[in-house]
Amino acid sequence: MATNTFNKYLEVALQSIFNQTFTEFELLLVANGPLCDEIDEFVKRLFPNEKRLVVVKSIIPQLSYALNLGVDHSKYEYVARMDADDIAHPERLERQLDYLLNNNLDVVGSGVRIINENGVVVGALRQPTGKNINRALPFKNVFVHPSTLIRKAVLIKARGYNAGFNSEDYDLWLRLKRIGVKWDNMPDTLLDYRVHPAASQRRLLGYAEVSGALLREFLLSKTFVNASSVVFGVLKAMFRSR
């Protein structure tokens, strides 16, 4: 988990991880940006006796860098992503780890409930599963990033997150597909995904980054699907970000 601020959502997000039925984990919170010292003090006051909380500080306010820093400090074989304003269901880690191991996967995501700034459920989202993931990837994001559990070795093989202000996850999925990872989405709903005015939804920069990543994939593999995805990505950048 990475955050460059502390607000009313952060305590709830952290508590939802500490309440997991699976208990053998460390929660690496990367406090990044100019408020990193204040965030560190804030969370340690909230959870003074929580031995599983590890705070890593960086003054660089960049999400991809913060996530790579967290991976670099992690000591376990699997890395679960979590955002600082979402809520993990209590059985999330246990059920995802079981699913990943039983199906010999490298990445597993889940379904999510969409909640608003007040925690009210306003919708649901289920991503593609099985072979449909690779088919859909050139045209959409196939995982809800904070719902994913990933083998650390696979993240390192892909050289971690590769910049991007709003699209670091989609860029990672494209690069992971190139190295032939095995992945799936569980049909189970294991996360409440918060959408609120401060979230980076439909920003032009994000769509521009996605279009650039798709162009890169086309230049590396000049297929009809990759060409179509570039056109589709540019059209989305032009119309959906307005």
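Located above this text is the structure these notes cover.
Described below are features of the structure shown in this document. Nothing here was measured: the structure is a model prediction, and the numbers come from that model.

A closer look at the pattern of salt bridges
Reasoning step 1: Considering all chains together, one arrives at 14 salt bridges under this definition.
Reasoning step 2: Arg151 is the partner of Glu77 in a salt bridge, and the nearest nitrogen-oxygen pair spans 4.0 Å. Within this pair, whereas Glu77 is found in the loop between helix 3 (63–73) and strand 4 (78–80), its partner Arg151 is found in strand 8 (residues 149–151), the two being separated by 74 residues in sequence.
Reasoning step 3: By relative accessible area, which is 15% here, Arg151 ends up buried.

Overview of the nonpolar core
Generally speaking, nonpolar side chains in soluble globular proteins are found buried as a group.
Reasoning step 1: Trp173, Leu176 and Trp183 are the most contacted members of the largest nonpolar core, which has 31 residues in total.
Reasoning step 2: Of all the elements in the fold, those that place two or more residues in this core are strand 2 (27–32), helix 3, helix 5 (132–136), helix 6 (152–157), helix 7 (168–178) and helix 8 (204–220).
Reasoning step 3: For this core, the element with the highest residue contribution is helix 7, accounting for five residues.
Reasoning step 4: Other than its neighbours up to four places away in sequence, Trp183 contacts Leu105, Val107, Ile133, Asn134, Leu137, Phe143, Trp173, Leu176 and Lys177.
Reasoning step 5: By size, the runner-up hydrophobic cluster in this structure holds 24 residues, among which are Leu29, Ala31, Phe42 and Val112.

With respect to the packing of aromatic side chains
Reasoning step 1: Following the criterion strictly, the structure yields five aromatic pairs and no others.
Reasoning step 2: When the ring of Phe139 is compared with that of Phe232, the centres are 5.9 Å apart and the planes differ by 75°; the resulting orientation is edge-to-face. With Phe139 in the loop between helix 5 and strand 8 and Phe232 in helix 9 (residues 224–239), the pair connects residues that are 93 residues apart, well separated along the chain.
Reasoning step 3: What makes Phe139 partly exposed here is its relative accessible area of 29%.
Reasoning step 4: Chaining the aromatic ring pairs together yields one cluster made of Phe143, Trp173 and Trp183.

Structural notes on the sheet that holds strand 1 (residues 2–3)
Reasoning step 1: The strand order 1-2-3 describes an open sheet built from three strands, whose pairing is parallel. Of all the strands in the sheet, just strand 1 and strand 3 (53–58) have a single pairing partner and so form its edges.
Reasoning step 2: Two strands pair when backbone bridges link them, and strand 1 and strand 2 are joined in this way by two bridges, in the parallel orientation. When the sheet's bridge partners are listed, Thr3 is paired in strand 2 with Ala31.
Reasoning step 3: Here helix 3 sits on the sheet and contacts strand 1, strand 2 and strand 3; the angle it forms with strand 2, its principal contact strand, is near 145°.

Some thoughts on helix 8
Reasoning step 1: The first and last C-alpha atoms of helix 8 sit 25 Å apart over 17 residues, in line with the 24 Å expected at 1.5 Å per residue.
Reasoning step 2: All of the buried residues in helix 8 are Gly206, Tyr207, Glu209, Val210, Ser211, Ala213, Leu214 and Glu217.
Reasoning step 3: Summarising the contacts, the buried residues of helix 8 are in contact with helix 7 and helix 9.

Section: unusual backbone geometry
Reasoning step 1: The backbone of Asn104 sits at a positive phi, close to 50°, despite the residue not being glycine.
Reasoning step 2: Position of Asn104 relative to the elements: it lies in the loop between helix 4 (92–102) and strand 6 (107–115).

Focus: the packing of helix 7 against helix 8
Two quantities define a packed helix pair, namely the angle between the helix axes and the distance between the axes.
Reasoning step 1: With their axes 9 Å apart at the nearest point, helix 7 and helix 8 run at an angle of 15° to one another. Taken together, the axes of helix 7 and helix 8 lie roughly parallel to each other. Viewed along their axes, helix 7 and helix 8 form a crossing whose handedness is right-handed. Residue-level contacts link Tyr170, Asp171, Leu174, Arg175 and Arg178 of helix 7 to Val210, Ala213, Leu214, Arg216, Glu217 and Leu220 of helix 8.
Reasoning step 2: When its residues are assigned to classes, the contact of helix 7 with helix 8 shows six nonpolar, no polar and five charged.

Concerning the pairing of strand 9 (residues 183–194)
Reasoning step 1: Across two bridges, strand 5 (residues 87–88) lies against strand 9 in antiparallel orientation. Paired with Ala88 across the bridge in strand 9 is Leu191.
Reasoning step 2: The sheet contact formed by strand 6 and strand 9 spans eight bridges and is parallel. Along strand 9, the bridge assignment pairs Val112 with Leu191.

What counts, and at which threshold
- Residues numbered from 1 in each chain as written.
- Predicted model: local features only at pLDDT ≥ 70, side-chain atom pairs only at ≥ 80, totals over all residues.
- Heavy atoms only, no water.
- Salt bridge = Lys/Arg side-chain N within 4 Å of Asp/Glu carboxyl O.
- Helix = DSSP H or I, 4+ residues; strand = E, 2+ residues; numbered from the N terminus.
- Buried < 20%, exposed > 50% of the residue type's maximum accessible area, 1.4 Å probe, protein only.
- Core = buried A, V, L, I, M, F, W, Y, C linked by side-chain atoms within 4.5 Å.
- Contact = heavy atoms within 4.5 Å.
- Phe/Tyr/Trp six-rings, centres within 6.5 Å; stacked < 30°, edge-to-face > 60°.
- Pairing = 2+ DSSP bridges.
- Axes fitted to C-alpha atoms, helices over the stretch in contact; angles between N-to-C directions.
- Expected span 1.5 Å × (residues − 1).
- Parallel < 35°, antiparallel > 145°, perpendicular 65-115°, else oblique.
- Left-handed = near helix turned anticlockwise from the far one by under 90°.
- Nonpolar A, V, L, I, M, F, W, Y, C, P; charged D, E, K, R; others polar.

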